[in-house]
Amino acid sequence: MNAAVFDAGEFRKALGAFATGVTIITTRAADGTPVGLTANSFNSVSLNPPLVLWSLANSSASLEVFRNAEHWAVHVLATDQEDLSGRFAKRGIDKFAGLECDTGAGGVPLLRGCTARFECRTAFQYEGGDHLIFVGEVQAFDRAESAPLVFHGGRYAHATHRDAPGLQPRTAHLAGSFSEDFLGYLLGRSHFRFFAPLREALDGEGLSDMEFYVLSTLTLKPELTAQELADGMAGVLDDRRKAALDSLVGREMASYRNDGVIAYELTEHGREVALRLISRAKALESQVIERLGPDAAILKSLLNRLLAEIDPSAATLWQAP
Ligand SMILES: Cc1cc2nc3c(=O)[nH]c(=O)nc-3n(C[C@H](O)[C@H](O)[C@H](O)COP(=O)(O)O)c2cc1C
């Protein structure tokens, strides 16, 4: 066969334009050792009989084991299993160390927490250039509702549906409209609507949005210096932050000391009000998360990315307990 003269890097990039899920294929060697690797060459072949395929590089350390294996299992990874994908794409380590597995047909180790699992019996093997193609007959499978991990352009990615079930897509007819398609409008309106129910609770306590923002920031540490507050809330309305601090002190929700360094802490009353409002905010968040389903994680990831782009110097006040 004449090899076409391709730039190998460009060819890889062009192949990487095809977004795939990520799987881990596992089996058990004749001596009982569990074996597995990350593969995105998985695909469905036939519904009846139920057949799937994947391909294994001839250079793989697992080649002989899979060549001789009667059974293997395909695990479609969930979006939170990126670490597992990385682990099974490494060579020369004990990939199964510390993992709790189920056992499938032929003693095949079955990983947990995946979006779907297919237990297969080898039906055919084909030579395919520098890979060996395995076609398996699916003997059992299971599935969860979790969002899948995606691989695209050589990087991990998220999958999200373009339309929410039962809802009219807003963006289709609004695209191009300055007001309603404008990112600032979408962010601002989302913020406003998200916090609307909380605003009633804030009104009940006589607190402004800014006072609540400062109050909840003060719960992050037993004491925050004025400088830490300024850094942590960087660029967020400096004057209004100072006014909010004064007002909280005036209403005995916070106290401050000034022995060369100005530092603020919540009073018992302030902490009690803050915790009550924060639990209300958390409850609102869970309602929204429930409605968005797995897309909530994607939204958070995108907003974090947006903040990394437009607010890269923001200090992190929150410390893991
Ligand atoms: C997202 C992703 C997809 C991969 N897909 C495949 C694949 O389809 N086939 C393959 O042979 N290797 C694939 N690899 C590379 C193997 O996981 C990697 O070479 C691994 O070290 C092989 O392990 P082994 O040598 O222990 O068998 C992929 C790696 C990643 C990160």
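For the structure itself, look to the data block above.
Residues numbered from 1 in each chain as written. Predicted model: local features only at pLDDT ≥ 70, side-chain atom pairs only at ≥ 80, totals over all residues. Heavy atoms only, no water.

Within the largest apolar cluster, 23 residues are counted, with the highest numbers of intra-cluster contacts made by Leu207, Val214, Leu215, Leu218, Leu229 and Leu248. When residues of this core are traced back to their parent elements, those giving at least two are α6 (183-205), α7 (209-218), α9 (238-250), β15 (262-266) and α10 (268-292). With sequence-adjacent residues up to four places away left out, Leu207 is seen in contact with Leu202, Leu215, Leu248, Arg251, Met253, Val273 and Leu277. (Core = buried A, V, L, I, M, F, W, Y, C linked by side-chain atoms within 4.5 Å. Buried < 20%, exposed > 50% of the residue type's maximum accessible area, 1.4 Å probe, protein only. Helix = DSSP H or I, 4+ residues; strand = E, 2+ residues; numbered from the N terminus. Contact = heavy atoms within 4.5 Å.)

Compared with an ideal rise of 1.5 Å per residue, which puts 13 residues at 18 Å, α9 spans 19 Å between its outermost C-alpha atoms and is within 8% of the ideal. Considering only its buried residues, α9 is in contact with α7, α8 (226-232), β14 (254-258) and β15. One or two steps after α9, the chain reaches Glu252, where phi turns positive at roughly 60°. (Expected span 1.5 Å × (residues − 1).)

Next up on the list: the sheet that holds β15. The strand order across the open sheet formed by 3 strands is β13-β15-β14, and the pairing between neighbours is antiparallel. One side of each edge strand has no neighbouring strand; the edge strands of this open sheet are β13 (224-225) and β14. Relative to β15, β14 is paired through 5 bridges, and the arrangement is antiparallel. By the bridge assignment, Ser255 is partnered in β15 with Glu265. Sheet strands in contact with α7 are β13, β14 and β15, and its direction is about 90° off that of β15. (Pairing = 2+ DSSP bridges. Axes fitted to C-alpha atoms, helices over the stretch in contact; angles between N-to-C directions.)

The local shell around the ligand holds 17 residues, among which Thr38, Ser41, Ala57, Ser60 and Ser62 are the closest. Residue Ser60 places a side-chain N or O atom 2.6 Å away from an oxygen atom belonging to the ligand. Here an oxygen atom of the ligand and a side-chain polar atom of Arg91 are 2.8 Å apart. Taking 630 Å² as the accessible area of the ligand by itself, protein coverage stands at 81%. Within the residue set of the shell around the ligand, elements represented by two or more residues are β3 (34-39) and β5 (51-57). (Near = heavy atom within 4 Å. Polar contact = N/O pair within 3.5 Å; in protein donor to acceptor, adjacent residues only side chain to side chain. Areas by Shrake-Rupley, 256 points an atom, 1.4 Å probe, with all protein chains shown as cover.)

What follows covers the sheet that holds strand β12 (residues 155-158). Here 3 strands make up an open sheet; going across it, the order is β1-β11-β12 and the pairing antiparallel. What marks the edges here is a single partner per strand, and that holds for β1 (20-21) and β12. In the sheet, β1 pairs with strand β11 (residues 149-152) via 2 bridges, with the strands oriented antiparallel. Across the sheet, Gly21 pairs through a bridge with Val150, a residue of β11.

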